[in-house]
Amino acid sequence: MTDVRSALTATDPEIAGLIASEEQRQADTIRLIASENYVSAAVLEATGTVLTNKYSEGYAGKRYYEGQQFIDPIEELAIARAKSLFGVDHANVQPYSGSPANLAVYLAFLSPGDTVLGMGLAMGGHLTHGHAVSATGKWFKAVHYGVRRDTGVVDFDEIRSLALEHRPKVIFCGGTAVPRTIDYASFATIAAEVGAVLVADIAHIAGLIAGGAHPSPVGHASVITTTTHKTLRGPRGAMILCDAEHAAAIDKAVFPGLQGGPHNHTTAAIAVALREAATDDFKAYAHAIVANSRALATELGSRGVDMVSGGSDNHLILIDLTNRDVPGKIAAKALDRAGIECNYNAVPFDTRKPFDPSGLRIGTAAVTSRGMGVDEMRQIGRWIDEVVTAAGKGDEESITKIGAEVRSVTSAFPAPGITVA
Ligand SMILES: *Cc1c(COP(=O)(O)O)cnc(C)c1O
């Protein structure tokens, strides 16, 4: 790796300098963006290899280019590890990222104009679950379910009546701002009743499922899509896992339906991440993520900070600042100045606009990768509360003071894959 880095510095000092600064920033900050993590040095190394030089359209044994002697076994290893880790019949590891993986599902099971049922974006769903600005909302008829105002969680009576009324061909469950466990069996019952394919989008929680810290959709959803870079702690990429009956349709949709050559450097890094995710250490990691999220939610709750659904069962907490006089964007920017990184986010039934909403989304996957535990979570909860209060009063001095405290903690918890102190 040193050679590559010195080559980069010699060829392009400007980019090399920016990468070095980003590495330092990732070392110095408390990273609470729920979709982010720190990959291991091994995963990082696999992504920066000569595999990026190779074209391999097709699948192992059926490629459109020669020279696949080493690419085929790499992709076969990634597939075998995905199947064994999640206990599924079939895995496609070629989707470039989570959004293209979901698009491949539409291509496999729907024609333009067909109906899809998914969670609304403002309620915690993803753009690719049929949001109006997404290709999935423009080319398909999208119907959306939400969460209940009183509980902050989905209402299966609502989902069932929407499914019976609109007869979707595909139902998506899962989302991008869902702080609670997903009841896959209840979704499966509704999908079976209307003859829909149930797709579980586990982009955020794949690592928790792999580590046994969240129930698995396997046996309930016949198709599962996931990114590989969130709690699963792999490179930026995606996978589609499915029952044998859908294998051919999924493979055809990914290639040649949607994509060209697979990103072999990413495939190799996915294989490495899946090997890591099959270890006892990773099981402990997945459970620690959830314990940390619960501890952080408890601390926030004790300080009167509102959370959608009142807490967290997974890695994610959705803070509702409606009662704090500080909108999400101002709070997120103040936290960033203190070295605590998160994102502003809409909360269900938000009275503010999507680019200036009332919520903050935080998650514990990255801080848990640094070995932080329940004590650090209590401290982070206190800092979040104090920074939001300071931001409301324009008290920049307190924010600066907390920033110094943050750096004294981050320096004590080295992050995987990061070479600077
Ligand atoms: C992150 C995410 C995606 C999309 O992943 P990208 O890699 O950003 O395209 C899809 N679905 C859900 C639920 C997600 O959280």
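Residues numbered from 1 in each chain as written. Predicted model: local features only at pLDDT ≥ 70, side-chain atom pairs only at ≥ 80, totals over all residues. Heavy atoms only, no water.

**Topic: the packing of helix α5 (residues 98–109) against helix α10 (residues 247–258)**
Part 1 of the argument: Contact pair α5 / α10: the axes reach a minimum separation of 8 Å and the direction vectors enclose 110 degrees. Here α10 runs roughly perpendicular to α5, going by the angle between their axes. Between α5 and α10 lies a crossing whose hand is right-handed. Between α5 and α10, the contacting residues are P100, L103, A104, V105, L107, A108 and F109 on the first element and A249, I250, A253, V254, G257 and L258 on the second.
Part 2 of the argument: Of the residues that constitute the contact of α5 with α10, the class distribution is twelve nonpolar, one polar and no charged. (Axes fitted to C-alpha atoms, helices over the stretch in contact; angles between N-to-C directions. Helix = DSSP H or I, 4+ residues; strand = E, 2+ residues; numbered from the N terminus. Parallel < 35°, antiparallel > 145°, perpendicular 65-115°, else oblique. Left-handed = near helix turned anticlockwise from the far one by under 90°. Contact = heavy atoms within 4.5 Å. Nonpolar A, V, L, I, M, F, W, Y, C, P; charged D, E, K, R; others polar.)

**Quick notes on the nonpolar core**
Part 1 of the argument: In this structure, F86, I171, I202, L232 and M239 are the most contacted members of the largest nonpolar core, which totals 51 residues.
Part 2 of the argument: Take this core: its biggest share by element is six residues, from helix α8 (residues 184–194).
Part 3 of the argument: Two domains each put at least three residues into this core: domain 1 (47–277) and domain 2 (288–410).
Part 4 of the argument: Dropping the residues within four chain positions of it, F86 is found in contact with I202, A206, I209, A210, V218, L232, M239, L241 and L274. (Core = buried A, V, L, I, M, F, W, Y, C linked by side-chain atoms within 4.5 Å. Buried < 20%, exposed > 50% of the residue type's maximum accessible area, 1.4 Å probe, protein only. Domains from an automatic or database assignment.)

**A few points about the site of the ligand**
Part 1 of the argument: Near the ligand you find 13 residues, and of these S97, S99, D201, H204 and K230 are the closest.
Part 2 of the argument: The separation between an oxygen atom of the ligand and a polar side-chain atom of K230 is 2.8 Å.
Part 3 of the argument: Spatially, the ligand is embedded in the second largest pocket.
Part 4 of the argument: Ranked by residue count, the leading element in the shell around the ligand is α5, at three residues.
Part 5 of the argument: In the shell around the ligand, the residues fall into one nonpolar, ten polar and two charged. (Near = heavy atom within 4 Å. Polar contact = N/O pair within 3.5 Å; in protein donor to acceptor, adjacent residues only side chain to side chain. 1 Å grid on protein atoms, 1.4 Å probe; cavity = no way out; pocket = protein on both sides within 12 Å on 5 of 7 lines; lining within 4 Å. Sits in = over half its atoms within 2 Å of the grid points.)

**Examining the packing of helix α7 (residues 156–166) against α8**
Part 1 of the argument: One way to put it is that α7 packs onto α8 with a least axis distance of 10 Å and a crossing angle of 20 degrees. The orientation of α7 with respect to α8, classified from their angle, is roughly parallel. Judged by the twist between their axes, the crossing of α7 over α8 is right-handed. Of the residues in α8, those touching α7 at F156, I159, R160, A163 and L164 are S186, F187, I190, E193 and V194.
Part 2 of the argument: Classifying every residue of the contact of α7 with α8 gives seven nonpolar, one polar and two charged.

**Looking at the pattern of salt bridges**
Part 1 of the argument: Summed over all chains, the structure comprises 21 salt bridges.
Part 2 of the argument: Close ionic contact of R378 with D375 constitutes a salt bridge, the shortest N to O distance being 3.1 Å. Of the two residues, R378 and D375 both sit in helix α15 (residues 374–393), three residues apart, roughly one turn of that helix.
Part 3 of the argument: What makes R378 partly exposed here is its relative accessible area of 42%. (Salt bridge = Lys/Arg side-chain N within 4 Å of Asp/Glu carboxyl O.)

**Some thoughts on the pairing of strand β9 (residues 223–227)**
Part 1 of the argument: A large share of β9 lies buried, amounting to five of its five residues.
Part 2 of the argument: Alignment of strand β8 (residues 197–201) against β9, held across three bridges, turns out to be parallel. Among the inter-strand pairings, D201 is bridged to a residue of β9, identified as T225.
Part 3 of the argument: Bridge analysis of β9 against strand β10 (residues 238–242) gives five bridges, and the strand direction is antiparallel. If you follow T227 over to β10, its bridge partner there is A238. (Pairing = 2+ DSSP bridges.)

**Focus on empty space enclosed by the protein**
Part 1 of the argument: A full pass over the atoms with the stated rule returns one cavity of 30 Å³ or more.
Part 2 of the argument: Its volume calculated, the largest cavity comes out at about 50 Å³.
Part 3 of the argument: Lining the largest cavity are G174, G175, V178, I182, D201, I202, H204, I205 and N314.
Part 4 of the argument: Residues belonging to the lining of the largest cavity are distributed by class as follows: four nonpolar, four polar and one charged. (Points joined across faces, edges and corners; volume = space filled by probe spheres on them.)

**Quick word on the sheet that holds strand β11 (residues 306–307)**
Part 1 of the argument: The strand order β11-β12-β15-β14 describes an open sheet built from four strands, whose pairing is antiparallel. Each of the sheet's edge strands pairs with one partner strand only, and the pair in question is β11 and β14 (343–345).
Part 2 of the argument: In this sheet, strand β15 (residues 359–363) lies alongside strand β12 (residues 316–320) in antiparallel orientation, the contact comprising five bridges. Looking at the pairing, I319 lines up with L360 of β15.

**Section: the domain arrangement of the protein**
Part 1 of the argument: When the domains of the protein are assigned, the result is domain 1 (47–277) and domain 2 (288–410).
Part 2 of the argument: Computed over C-alpha atoms, the centres of domain 1 and domain 2 are 29 Å apart.
Part 3 of the argument: The interface is formed by 20 residues belonging to domain 1 together with 19 residues belonging to domain 2.
Part 4 of the argument: Buried area between domain 1 and domain 2, summed over both chains or domains, comes out near 1,700 Å², and the portion from carbon and sulfur atoms is 59%.
Part 5 of the argument: Linking domain 1 with domain 2 are one salt bridge.
Part 6 of the argument: Where D313 meets R180, a salt bridge forms, and the shortest distance between an N and an O atom there is 2.9 Å.
Part 7 of the argument: In the side of domain 1 that touches domain 2, the residues fall into ten nonpolar, six polar and four charged. (Buried area = accessible area lost by both parts, 1.4 Å probe.)

**Observations concerning the layout of surface pockets**
Part 1 of the argument: Of the volumes computed, that of the second largest pocket is approximately 670 Å³.
Part 2 of the argument: Considering the residues around the second largest pocket, the lining is formed by 36 residues, among which L121, G125, H126, L127 and T176 are closest to the centre.
Part 3 of the argument: Elements with a minimum of two residues in the lining of the second largest pocket: α5, β9 and β14.
Part 4 of the argument: For the lining of the second largest pocket, the leading source of residues is α5, giving four residues.
Part 5 of the argument: For the lining of the second largest pocket, the per-class residue count stands at nine nonpolar, 19 polar and eight charged.

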